[in-house]
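# Fold and geometry: a report
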Amino acid sequence: MLWIAILMAVPLTGCQSRIANYTPSRPAAEGALKKALDAWKAAQPVGEIPTSQPVIQVVDVGRKPGQTLASYRILGESKGASSGRSFVVTLELQNPSETVKTRYIVVGIDPLWVFRQEDYELLSHWDHHMPADAAPAGGTRPPAAGTP
């Protein structure tokens, strides 16, 4: 019986070490988050941050078109992400003006990926945001109500 427990534990420890292999150090993760938020303040779009070393990729679908980041405050690291490092951040936004408290998750080593928590959760469940006018699978859209 003992050997069965040992054999069952081996894959679990291997899985944990693989997750650790893609979890950045706290200074690297926080540095990547700062660079991502500073890029937003400088009106750079999401995606790869030019000239970053290691490469930093930003995924943040929650940004509203035309809304800018005036300032931010990283409140600290938090628990919650099954992998990577999670940080709570307060964002001061303009156009329209609002204050948002959100989480960002940083994963990877090179590249470092900076996700807003909602985007990370969608990705981890193989889901994504759908535009309001997206056609259903199959490429055809049913006719609008009242059309022949």
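Please refer to the structure higher up on the page.
Presented here is a report on the structure given in the accompanying data block. (Residues numbered from 1 in each chain as written. Predicted model: local features only at pLDDT ≥ 70, side-chain atom pairs only at ≥ 80, totals over all residues. Heavy atoms only, no water.)

Okay, the overall build of the protein chain next. Secondary structure assignment for the protein chain yields three helices and six strands. For the protein chain, the α and β elements follow one another from N to C terminus as α-α-β-β-β-β-β-β-α. The 148 residues of the protein chain split such that 30% are buried. Of the contacts formed within the protein chain by residues at least 6 apart in sequence, a portion of 49% connects residues at least 24 apart. (Helix = DSSP H or I, 4+ residues; strand = E, 2+ residues; numbered from the N terminus. Buried < 20%, exposed > 50% of the residue type's maximum accessible area, 1.4 Å probe, protein only. Contact = heavy atoms within 4.5 Å.)

Moving on: the pattern of salt bridges. A complete count under the given rule lists six salt bridges for this structure. Ionic pairing is found between Asp 60 and Arg 116, a salt bridge with its closest N-O pair at 2.7 Å. One end of the pair, Asp 60, is in the loop between β2 (56-59) and β3 (68-78); the other, Arg 116, is in strand β6 (residues 112-116), with 56 residues separating them in the sequence. Taken individually, Asp 60 and Arg 116 each receive the classification buried, so the pair is uniform in this respect. (Salt bridge = Lys/Arg side-chain N within 4 Å of Asp/Glu carboxyl O.)

Another point: the sheet that holds β6. As summarised here, the arrangement of the six strands in space is β1-β2-β6-β5-β4-β3, forming an open sheet in which the pairing is mixed. Unpaired on one side and paired on the other, β1 (47-48) and β3 mark the two borders of the sheet. Strand contacts of helix α3 (residues 117-124): β2, β5 (98-107) and β6, with the helix running at about 105° to β6, the strand carrying the most contacts. (Pairing = 2+ DSSP bridges. Axes fitted to C-alpha atoms, helices over the stretch in contact; angles between N-to-C directions.)

This part is about helix α2 (residues 26-41). Between the first and last C-alpha of α2 there are 22 Å, a value that for 16 residues agrees with the 22 Å anticipated at 1.5 Å per step. Within the sequence span of α2, burial applies to Ala 29, Glu 30, Ala 32, Leu 33, Ala 36, Leu 37, Ala 39 and Trp 40. Buried-residue contacts for α2 involve β2, β3, β4 (85-94), β5 and β6. For α2, the N-terminal capping position is held by Ser 25, with its side-chain oxygen 3.2 Å away from the main-chain nitrogen of Ala 28. The positive-phi residue at the C-terminal boundary of α2 is Ala 43, with phi of around 70°. (Expected span 1.5 Å × (residues − 1). Polar contact = N/O pair within 3.5 Å; in protein donor to acceptor, adjacent residues only side chain to side chain.)

Okay, the packing of aromatic side chains next. For the structure on display, the rule yields two aromatic pairs. For the pair Trp 113 and Phe 115, a centre-to-centre distance of 5.9 Å together with 20° between the ring planes defines the contact as stacked. A residue is classified by how much of its surface remains accessible, and Phe 115, at 6% relative accessible area, is buried. Linked through ring pairs, Trp 113, Phe 115 and Tyr 120 together constitute an aromatic cluster. A cation sits over an aromatic face here: Arg 63 above Trp 40, 4.1 Å from the ring centre. (Phe/Tyr/Trp six-rings, centres within 6.5 Å; stacked < 30°, edge-to-face > 60°. Lys NZ or Arg CZ within 6 Å of the ring centre and 35° of its normal.)

Remember that the coordinates give geometry; whether it matters functionally is a separate question.
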